[in-house]
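Listed below are the residues making up each chain.
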Amino acid sequence: MRRHGRERREAYVWWGGYFLPDGDAQVVTALYPDVPTEHGRVHLDHQNLIALHERLRALDLVLVAELHTHPPGAGGQNDVDAANAAATYRGFVTIVVPDFAAPILHDLRTAYVYEYEGGDQWRELTETEIEGRFLVEEPFHEVNMAR
């Protein structure tokens, strides 16, 4: 996302994972569709979406959330975003990462996080809700090999 931001264009990512019996989800991978994007626009055609879903199926995962960046000053979800979400099941999450993910996205409370409520309605989560619902585990562990 930051690479796209340095190029002054938007980025789009799916989080793939699975649902636990209690309704929580575990994200295990990110899928990045390598498609051309522009400063304020990401467009995936029907074939792009089929390819993403096929990859999820091959990994035996489901779409848990979608993320995309917005340029500086663009704010959160707009009408186009809301009308064109990758999924519209109740509880689906979409995350709008401001300022092209610059300088770094390390805290989802700095993003705009929305949950689909059904009936074409989205609800923005508060910082407290985001903190309570998302646990981001450290994805990188350095092992010092010095003896």
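A quick note: this is a predicted structure, and the numbers were derived from the prediction, not measured.

Quick notes on the rules
Residues numbered from 1 in each chain as written. Predicted model: local features only at pLDDT ≥ 70, side-chain atom pairs only at ≥ 80, totals over all residues. Heavy atoms only, no water. Patch = residues over 30% accessible without salt bridge, like charges linked within 9 Å, V, L, I, M, F, W, Y side chains within 5 Å. Areas by Shrake-Rupley, 256 points an atom, 1.4 Å probe, with all protein chains shown as cover. Salt bridge = Lys/Arg side-chain N within 4 Å of Asp/Glu carboxyl O. Helix = DSSP H or I, 4+ residues; strand = E, 2+ residues; numbered from the N terminus. Core = buried A, V, L, I, M, F, W, Y, C linked by side-chain atoms within 4.5 Å. Buried < 20%, exposed > 50% of the residue type's maximum accessible area, 1.4 Å probe, protein only. Contact = heavy atoms within 4.5 Å. Pairing = 2+ DSSP bridges.

Asks: What is the right way to read a nonpolar patch on the surface from this model?
Replies: There is a patch of nonpolar side chains on the surface, built from Tyr18, Leu20 and Val28 and spanning about 250 Å² of accessible area. Along the chain, the position of leucine 20 falls in the loop between β1 (12-19) and β2 (25-31).

Asks: Explain the nonpolar core here, please?
Replies: It is characteristic of soluble globular proteins that their nonpolar side chains tend to be buried jointly. If you look at the biggest cluster of nonpolar residues, it comprises 15 residues, and the most contacted ones within it are Trp14, Leu31, Leu52, Leu56, Leu63, Phe92 and Trp122. For this core, the secondary-structure elements that each account for two or more residues are β1, α2 (46-58) and β7 (112-118). Each residue touching leucine 31, except ones within four places of it in the same chain, is listed here: Tyr12, Val13, Trp14, Leu52, Arg55 and Leu56. The next biggest cluster of nonpolar side chains, apart from the first, holds 13 residues, and it includes Leu67, Ile95, Leu108 and Ala111.

Asks: When you look at unusual backbone geometry in this model, what are you seeing that I'm missing?
Replies: Trans peptide bonds make up the majority, and among non-glycine residues the majority have a negative phi. With phi around 60 degrees, aspartate 60 is a residue other than glycine that occupies positive phi space. Residue position: aspartate 60 is located in the loop between α2 and β5 (62-69).

Asks: Explain the pairing of β5 here, please?
Replies: Along any regular strand, the residues point their side chains to alternate faces of the sheet. Where burial is concerned, most of β5 is hidden: seven out of the eight residues are buried. Of the pairings in the sheet, the one linking β1 to β5 comprises six bridges and is antiparallel in character. Note on β5: the bridge partner recorded for tyrosine 12 is histidine 68. Bridge analysis of β5 against strand β6 (residues 93-97) gives five bridges, and the strand direction is parallel. Each residue of the ladder has a partner; that of histidine 68, found in β6, is valine 96.

Purely geometric stuff here, so don't read any function into it on its own.
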